[in-house]
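Close look at the chain arrangement
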Amino acid sequence: MLDSISELVKTVKDRDEVEISERLYFQMLECLPPVDMGSNYFIFQEGDGDRILFEKKCGSHFATMLGGVILNRDFSIGIRFSREHLKSGFKIVHIFRTDYDSGIVDPGLHTDKCFQCVSEMADFINDAI
């Protein structure tokens, strides 16, 4: 069970669902107003950053990555990713250059492939460059 934001950030991108403490659940709820909220869940997102679903189920608390942005090793290319359903894989929504002066990103980097975790997507983009 995770109990800190740093643990959550390291772990949530590579697992479908991670169990978190009640303390962390309420800490994230109090950070910012939720993007969406119901009686047993809320969605956290700061600006264009990671979009994370926080849920209460059967007396436990969980976090699930819904979408976000990752950068390649040299920070020159960014990828916006998301998933359609909680149990589906991640898809690349948009690929962009971070310096904005380098022109268009290589069209060969775009793919319809579905990735099971964010690190698999990061490996794909780093290997392709």
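Preceding this section is the structure that the text describes.
Residues numbered from 1 in each chain as written. Predicted model: local features only at pLDDT ≥ 70, side-chain atom pairs only at ≥ 80, totals over all residues. Heavy atoms only, no water.

**Some remarks on the pairing of strand E6 (residues 77-82)**
Defined as follows: Strand pairing is assigned whenever DSSP identifies at least 2 bridges connecting the two strands. Under the scheme used here, helices are H or I runs from DSSP no shorter than 4 residues and strands are E runs no shorter than 2 residues, and both carry numbers assigned from the N terminus.
In this structure, strand E5 (residues 60-71) lies alongside E6, joined through 5 bridges in antiparallel fashion. Across the sheet, isoleucine 70 pairs through a bridge with isoleucine 79, a residue of E6. The hairpin formed by E5 and E6 contains 5 residues between the paired strands, and phenylalanine 75 there has a positive phi angle of roughly 60°. Two elements, E6 and strand E7 (residues 91-97), share 6 bridges in a ladder whose sense is antiparallel. Bridge pairing in E7 links glycine 78 to phenylalanine 96.

**Some thoughts on helix H3 (residues 118-128)**
As a reminder, the rule being used: Type-normalised accessible area, obtained with a 1.4 Å probe on protein chains alone, sets the label of each residue: buried when under 20%, exposed when over 50%, and partly exposed for intermediate values. Note that the arc is defined by the directions from the helix axis to the C-beta atoms. Should any heavy atoms of two residues lie within 4.5 Å, those residues are counted as being in contact.
Of all the residues in H3, the buried ones are Val118, Met121, Ala122, Ile125 and Asn126. The buried residues of H3 occupy one face: seen down the axis, they fall within an arc of 130°. Summarising the contacts, the buried residues of H3 are in contact with E5, E6 and E7.

**A look at the layout of surface pockets**
Note the following rule: Of the grid points, spaced at 1 Å and generated over the protein atoms alone, those admitting a 1.4 Å probe that cannot get out make up cavities, while open sets with protein on both sides within 12 Å along at least five of seven lines make up pockets; any residue with an atom within 4 Å of a point is treated as lining. Grid points are joined across faces, edges and corners, and a volume is the space filled by probe spheres set on the points. Basically, the charged four are Asp, Glu, Lys and Arg, the nonpolar ten are Ala, Val, Leu, Ile, Met, Phe, Trp, Tyr, Cys and Pro, and anything else, Gly included, counts as polar.
Of the pockets and cavities examined, the largest pocket occupies roughly 190 Å³. In this structure, the largest pocket is lined by Ile5, Leu8, Val9, Met28, Leu32, Phe44, Glu46, Gly49, Asp50 and Ile52. Residue contributions to the lining of the largest pocket peak at 3 residues, all from helix H1 (residues 5-11). Residue classes in the lining of the largest pocket are distributed as 7 nonpolar, 1 polar and 2 charged.

**So, the side chain of arginine 83**
Operational definition: Definition of a polar contact: a pair of N or O atoms within 3.5 Å, with one able to donate and the other able to accept a hydrogen when the atoms are protein atoms, and with sequence-neighbouring residues admitted only if both atoms are side-chain atoms.
Structurally, arginine 83 is set in the loop between E6 and E7. At a separation of 3.3 Å, a polar atom in the side chain of arginine 83 contacts the main-chain carbonyl oxygen of methionine 65. Each residue touching arginine 83, except ones within four places of it in the same chain, is listed here: Asp16, Thr64, Met65, Leu66, Ser88, Gly89 and Phe90.

**Remarks on the pattern of salt bridges**
Keep this limit in mind: Salt bridges are counted wherever a side-chain nitrogen of Lys or Arg sits within 4 Å of a carboxyl oxygen of Asp or Glu.
Counted under the stated rule, the structure contains 5 salt bridges. The shortest N-O distance in the salt bridge between lysine 57 and glutamate 17 comes to 2.6 Å. Within this pair, whereas lysine 57 is found in strand E4 (residues 51-57), its partner glutamate 17 is found in the loop between H1 and strand E1 (18-20), the two being separated by 40 residues in sequence. Taking the relative accessible area as the measure of exposure, glutamate 17 reaches 27% and is therefore partly exposed. With a closest N to O distance of 3.9 Å, glutamate 55 and lysine 57 form a salt bridge. Here glutamate 55 falls in the buried class, since its relative accessible area comes to 14%. Residues participating in the shared-partner salt-bridge network are Glu17, Glu55 and Lys57.

**Observations concerning the nonpolar core**
Stated formally: For the purposes of this section, nonpolar cores are sets of buried Ala, Val, Leu, Ile, Met, Phe, Trp, Tyr and Cys residues that join through side-chain atoms within 4.5 Å.
Counting residues in each nonpolar core, the largest one holds 26 residues, and the members touching the most others are Leu8, Ile20, Phe54, Ala63 and Met121. Listing elements by their share of this core, those giving two or more residues are E1, helix H2 (22-31), strand E3 (41-45), E4, E5, E6, E7 and H3. In terms of residues, this core owes the most to one element, H3, which gives 4 residues.

Note that every value here comes from positions in space, so none of it alone points to a role or purpose.
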